[in-house]
Amino acid sequence: MTSVTLMRRIAARPSIVFDALTTADGVAAWWGPAELPVILAETDPRLGGAFRVRFHTLDGAEHESSGEFLEFDPPRRVVMSWRWSHGGEPEELGRTSRVEIDVAPVNGGVELTFTHAELANAMSAASHEGGWSGAFDKLVRQLGELQPVD
């Protein structure tokens, strides 16, 4: 099994970033590739609550992921189970993986550390890395990129 870890620096308060990661309206604004809209976003943002998100990819395919909140510590950390309900990577069919997101305050914003763990293989990890990178780039464009201090 393998994992993907991404980091982004965002010019927003931790509570704003956390809400974007866990609420239906927040998720609908950035999840998925490029500028394609989310078709459906449902979340019950609490420990044990469920989520479900459906979106299109650039090739026109429809994908849906779902899971539950395994850890919920606003505005610092959220951990979710992850399953492809429809579409997704064929290697992940019938499997559950784990998404961990840490939001750490830094001067002028937050540093977001994202890990998608327990993926089936390197090919699946590479695909997920591309998808998540595009989604988080969209989140950064929406909330603002935190520029490094010289």
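Residues numbered from 1 in each chain as written. Predicted model: local features only at pLDDT ≥ 70, side-chain atom pairs only at ≥ 80, totals over all residues. Heavy atoms only, no water.

S.K.: Before we go on, may I ask you to explain the overall build of the protein chain in this structure?
M.R.: The helix and strand inventory of the protein chain stands at 3 helices and 7 strands. Counting helices and strands in the order they occur from the N terminus, the protein chain gives β-α-α-β-β-β-β-β-β-α. On C-alpha atoms alone, the protein chain measures out to a radius of gyration of 15 Å, which is about the 15 Å that the 2.2 N^0.38 rule sets for 150 residues. Overall, the protein chain is about 45 × 30 × 30 Å in size when its C-alpha atoms are taken along their principal axes. (Helix = DSSP H or I, 4+ residues; strand = E, 2+ residues; numbered from the N terminus. Rg over C-alpha atoms; globule rule 2.2 N^0.38 Å.)

S.K.: Got a minute to help me understand the pairing of strand β2 (residues 38–43) in this structure?
M.R.: Regular strands place their side chains on alternate faces of the sheet. Bridge count for β2 against strand β3 (residues 50–56) is 5 bridges, and the pairing is antiparallel. Residue E42 lies in a different strand from β3, and its bridge partner there is R52. The hairpin formed by β2 and β3 contains 6 residues between the paired strands, and G48 there has a positive phi angle of roughly 85°. (Pairing = 2+ DSSP bridges.)

S.K.: What is the right way to look at the sheet that holds β2 in this model?
M.R.: Remark on secondary structure: sheet strands pair via backbone hydrogen bonds, oriented parallel or antiparallel. If you trace the 7 strands from one edge of the open sheet to the other, you get β1-β7-β6-β5-β4-β3-β2, paired in antiparallel fashion. The sheet is open, and its two edges are formed by β1 (2–10) and β2, each paired on a single side. Along the sheet, successive strands turn relative to each other by an average axial angle of 20°, direction set aside. Both strand β5 (residues 77–86) and strand β6 (residues 97–106) contribute to a ladder of 6 bridges, which runs antiparallel. Counterpart to V79 in the pairing with β6 is E100. Along the sheet, helix α1 (residues 14–22) makes contact with β1, β2, β4 (62–73), β5, β6 and β7 (109–119), crossing β6 at roughly 165°. Against the sheet, helix α3 (residues 122–143) touches β1, β5, β6 and β7, its axis set at about 15° to β1. (Axes fitted to C-alpha atoms, helices over the stretch in contact; angles between N-to-C directions. Contact = heavy atoms within 4.5 Å.)

S.K.: How should I be thinking about the pattern of salt bridges in this particular structure?
M.R.: When their charged atoms lie close together, side chains carrying opposite charge are able to pair. Using the criterion set out here, one finds 14 salt bridges in the structure. Measuring nitrogen to oxygen at the nearest pair gives 3.5 Å for the salt bridge that ties R98 to E71. Of the two residues, R98 is situated in strand β6 and E71 in strand β4; the sequence distance between them amounts to 27 residues. Exposure remark for R98: the relative accessible area of 23% places this residue in the partly exposed category. (Salt bridge = Lys/Arg side-chain N within 4 Å of Asp/Glu carboxyl O. Buried < 20%, exposed > 50% of the residue type's maximum accessible area, 1.4 Å probe, protein only.)

S.K.: What am I meant to see in the packing of aromatic side chains here?
M.R.: Remark: the centre distance and the inter-plane angle together describe each pair of aromatic rings, the angle taken between the planes. Scanning the entire structure with this criterion turns up 15 aromatic pairs. Between F51 and W82, the ring centres sit 6.2 Å apart and the planes meet at 35°, which makes this aromatic pair tilted. With F51 in strand β3 and W82 in strand β5, this pair connects stretches of sequence that are 31 residues apart. Accessibility expressed as a relative area gives 4% for F51, which makes it buried. Since its relative accessible area comes to 3%, W82 is described here as buried. Each member of the aromatic cluster is reached from another via a ring pair, and the members are F18, W30, W31, F51, F55, F69, F72, W82, W84, F114, W132 and F136. (Phe/Tyr/Trp six-rings, centres within 6.5 Å; stacked < 30°, edge-to-face > 60°.)

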